[in-house]
Amino acid sequence: ILSWPELDRLAEIFLGLGIRKIRVTGGEPLVREGVEDYIARLHALGVRDLSITTNGHLLAERVQRLLASGLRRINISLDSLQPERFERITRTKSFLSVMRGIDAVQSSALAPAKINAVLVRGINDDEVEAFAEFARARGVVMRFIEFMPLDADRHWHREAVVPAAEVHRRIHARWPLEQIPHERSETARKYRFTDGAAGEIGLIAPVTQPFCGHCS
């Protein structure tokens, strides 16, 4: 595990090479003591696009400190809206804590939160419409990510992948969508609801629609 001074040095090297976007992630970054101070140092160095990805378990009480440190965007991993299923997937009993964290973000200058769900056939693919409804109700950006073959546990197989096109078709059938213009190098294809409802849908399709050739 790199020390804070080593991470500071890396950030300075990245900035010197022209990188302007840094995401603090993990593992779970909020379990590491000093992460807000590190974000503050990145902000002071001049990182223009400073974000964090978290599982949200410790988020509710940290939102204001993260905001004060210079954080500007946040992604929260959430693979189920069903408390019992959430507990099985995460092996924690922190569903309500995560919901409080999302609410805290939505009540702050970090809103809208980006909520990331990895869909797996037979595990949580029946929640596509529920997630879309959650986006509309909470005003969040709901991003669906295809199950990728990062297969250290050898659990991946193609039949488990829920294609982004299927997700789009199912949501569009219930709440018509229109695409939002995006940069060519962006990983997500973004959509708004045509009825003017709050929230946004993002589709990230590294398996069925590989985008590495456009990556910046």
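Residues numbered from 1 in each chain as written. Predicted model: local features only at pLDDT ≥ 70, side-chain atom pairs only at ≥ 80, totals over all residues. Heavy atoms only, no water.

(A) Layout of the side chain of Asn75. Its location among the elements puts Asn75 in strand β3 (residues 73-77). Excluding anything up to four places from it in sequence, Asn75 contacts Arg23, Ile52, Thr53, Thr54, Lys114, Asn116 and Arg143. (Helix = DSSP H or I, 4+ residues; strand = E, 2+ residues; numbered from the N terminus. Contact = heavy atoms within 4.5 Å.)

(B) Layout of the packing of aromatic side chains. Under the defined criterion, the tally for this structure stands at 4 aromatic pairs. Ring plane angle 70 degrees and centroid distance 5.4 Å describe the contact between Phe86 and Phe95, whose orientation is recorded as edge-to-face. Judged by centre distance (5.9 Å) and plane angle (75 degrees), the rings of Phe131 and Phe144 are edge-to-face. A residue pair is termed long-range when its members are at least 10 positions apart, and Phe131 in helix α6 (residues 128-138) and Phe144 in strand β5 (residues 141-146) qualify at 13 residues. One exposure class covers both Phe131 and Phe144, and it is buried. Positioned over the ring face of Trp4 is Arg32, at 4.2 Å from the centre of the ring. Across from the ring centre of Phe193, 4.8 Å away, lies the NZ or CZ of Arg136, which sits over that ring. (Phe/Tyr/Trp six-rings, centres within 6.5 Å; stacked < 30°, edge-to-face > 60°. Buried < 20%, exposed > 50% of the residue type's maximum accessible area, 1.4 Å probe, protein only. Lys NZ or Arg CZ within 6 Å of the ring centre and 35° of its normal.)

(C) Up close: unusual backbone geometry. Of note, the amide linkage connecting Gly26 to Gly27 takes the cis form, showing an omega dihedral of 5 degrees. Among the structural elements, Gly27 can be located in the loop between β1 (21-24) and α2 (35-45). For the peptide bond that leads from Ala111 to Pro112, omega is 0 degrees, which places it in the cis range. With respect to the element layout, Pro112 can be found in the loop between α5 (95-106) and β4 (114-119). Of note, Arg91 is a non-glycine position whose phi angle comes to about 60 degrees, a positive value. In this fold, Arg91 is placed in the loop between α4 (83-90) and α5. Of the residues examined, Arg91 reaches a relative accessible area of 74% and is grouped as exposed.

(D) Region of the structure containing the nonpolar core. Grouped together as the largest cluster of nonpolar side chains are 52 residues, with contacts concentrated most on Ile76, Leu78, Ile102, Ile115, Phe144, Ile171 and Ile201. Look past the residues within four positions of Ile115 in its chain and what remains in contact with it is Ile76, Leu78, Ile102, Phe134, Val140, Val141, Met142 and Arg143. (Core = buried A, V, L, I, M, F, W, Y, C linked by side-chain atoms within 4.5 Å.)

(E) Summary view of the packing of helix α1 (residues 4-16) against α2. Their axes nearest at 11 Å, the elements α1 and α2 cross at an angle of 25 degrees. What the angle tells us is that α1 and α2 run roughly parallel. The two elements α1 and α2 cross, and the hand of that crossing is right-handed. Side by side, α1 and α2 meet where Trp4, Leu7, Asp8, Ala11, Glu12 and Leu15 of the first sit next to Val35, Tyr38, Arg41, Leu42 and Leu45 of the second. The residue inventory of the contact of α1 with α2, partitioned by class, reads 8 nonpolar, no polar and 3 charged. (Axes fitted to C-alpha atoms, helices over the stretch in contact; angles between N-to-C directions. Parallel < 35°, antiparallel > 145°, perpendicular 65-115°, else oblique. Left-handed = near helix turned anticlockwise from the far one by under 90°. Nonpolar A, V, L, I, M, F, W, Y, C, P; charged D, E, K, R; others polar.)

(F) Expanded view of the pattern of salt bridges. By the definition in use, this model includes 15 salt bridges. Arg73 serves as the salt-bridge partner of Asp49, at 2.9 Å between the closest nitrogen and oxygen. Here Asp49 is found in strand β2 (residues 49-54), whereas its partner Arg73 is found in strand β3, with 24 residues between them in sequence. For Asp49, a relative accessible area of 24% translates into the label partly exposed. With a closest N to O distance of 2.8 Å, Arg136 and Asp195 form a salt bridge. (Salt bridge = Lys/Arg side-chain N within 4 Å of Asp/Glu carboxyl O.)

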